[in-house]
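Chain by chain, the residues:
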Amino acid sequence: MNIRNFDLVKEMRTKSPSALLLATITIALPAVIPATRYNDAIKTNFSHPISNVPGKSLVAVEVSYPPGGASAPHHHSDSAFIYAYVVSGQIASQVEGQPEHVYRAGECWYETPGAHHLISRNASNTKPAKLLAVFVVDNGHNALTTPDSVGNSR
């Protein structure tokens, strides 16, 4: 151990335990707090009436999440049946009344009309993720999702 390192160790030993604890917490904090932010990017991929199902349209949207990104908790339209497919990365999803589940690229699930989506986020804090959500919804129904109360929305 060189003299410079020895001096640092000697100085650390003379500091109060609370100062050392604070330094440790400050350094470890980023690893403890998840990086989740409401910062999804939503892009309409396709939208068209279904000719043989009067009154219904098919709408597909891409939802892209940066590392640690998420969508705010929300409700889906009462007329929307949803098929979700993970294009890349890993998506953590939870609909009210069901457990949280992590879906990987190539996996899919569905959500029933009016579903309360509690969690929709990138399961990785280091890699991006992309989801394709396909809605079968009433024609002209523009609000596919409605964020939860103002306190929980983005």
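Structure shown above.
All values reported here derive from a predicted model rather than from experimental measurement. (Residues numbered from 1 in each chain as written. Predicted model: local features only at pLDDT ≥ 70, side-chain atom pairs only at ≥ 80, totals over all residues. Heavy atoms only, no water.)

Caption draft 1: Expanded view of the environment of Ser 57. Here Ser 57 lies in strand S3 (residues 56–65). Overall, Ser 57 belongs to the buried group, its relative accessible area being 9%. C-alpha separation for the pair Ser 57 and Phe 135, spaced 78 residues apart in sequence, amounts to 7.9 Å. Not counting residues within four places of it along the chain, the set of residues in contact with Ser 57 comprises His 48, Pro 49, Ile 50, Phe 135, Val 136, Val 137 and Asn 139. One polar contact links Ser 57 to Asn 139, side chain to side chain, over a distance of 2.5 Å. (Helix = DSSP H or I, 4+ residues; strand = E, 2+ residues; numbered from the N terminus. Buried < 20%, exposed > 50% of the residue type's maximum accessible area, 1.4 Å probe, protein only. Contact = heavy atoms within 4.5 Å. Polar contact = N/O pair within 3.5 Å; in protein donor to acceptor, adjacent residues only side chain to side chain.)

Caption draft 2: Spotlight on the sheet that holds strand S9 (residues 108–111). The sheet built from five strands is open, its strands ordered S2-S3-S11-S6-S9 with antiparallel pairing. Here the strands that pair on one side only, and so sit at the sheet edges, are strand S2 (41–49) and S9. Here the average twist between neighbouring strands, direction ignored, is 20°. Where S3 lies against strand S11 (residues 129–138), ten bridges are found, and the strand directions are antiparallel. Across the sheet, Ser 64 pairs through a bridge with Lys 130, a residue of S11. (Pairing = 2+ DSSP bridges. Axes fitted to C-alpha atoms, helices over the stretch in contact; angles between N-to-C directions.)

Caption draft 3: Layout of the environment of Val 87. Here Val 87 lies in strand S6 (residues 81–88). Considering only alpha carbons, one finds Val 87 and Ala 129, 42 residues apart in sequence, at a separation of 7.6 Å. Beyond its immediate chain neighbours, meaning those up to four positions away, Val 87 contacts Ala 105, Lys 130, Leu 131 and Leu 132.

Caption draft 4: Structural view of the layout of surface pockets. Roughly 300 Å³ of internal volume is contained in the largest pocket. Ile 42, Val 63, His 74, His 76 and Thr 145 are the residues nearest the centre of the largest pocket, which is lined by 23 residues in total. Only S3, strand S5 (74–76), S6, S9, strand S10 (116–122), S11 and strand S12 (145–147) provide two or more residues apiece to the lining of the largest pocket. The residue inventory of the lining of the largest pocket, partitioned by class, reads 13 nonpolar, seven polar and three charged. (1 Å grid on protein atoms, 1.4 Å probe; cavity = no way out; pocket = protein on both sides within 12 Å on 5 of 7 lines; lining within 4 Å. Points joined across faces, edges and corners; volume = space filled by probe spheres on them. Nonpolar A, V, L, I, M, F, W, Y, C, P; charged D, E, K, R; others polar.)

Caption draft 5: Quick peek at the pairing of S3. Counting buried positions along S3 gives seven out of ten residues, so the element sits mostly inside the fold. Bridge count between S2 and S3: eight bridges; the pairing is antiparallel. Looking at the pairing, Pro 49 lines up with Ser 57 of S3.

Caption draft 6: Examining the environment of Leu 58 more closely. Structurally, Leu 58 can be placed in strand S3. In this structure the C-alpha to C-alpha distance between Leu 58 and Ser 47, which are eleven residues apart in sequence, comes to 5.7 Å. Excluding residues that lie within four positions of it along the chain, Leu 58 makes contacts with Phe 46, Ser 47, His 48, Ile 50, Val 134, Phe 135 and Val 136.

Caption draft 7: Molecular detail of the pairing of strand S7 (residues 90–95). Taking burial as the measure, the six residues of S7 include five buried ones, the bulk of the element. Bridge count between S7 and strand S8 (residues 101–104): four bridges; the pairing is antiparallel. Opposite Ala 92, over in S8, you have Val 102 as the bridge partner. Two successive antiparallel strands, S7 and S8, enclose a turn made up of five residues, where Gly 97 displays a positive phi of approximately 90°. The sheet contact formed by S7 and S10 spans five bridges and is antiparallel. Counted as the bridge partner of Gln 94 is Ile 119 from S10.

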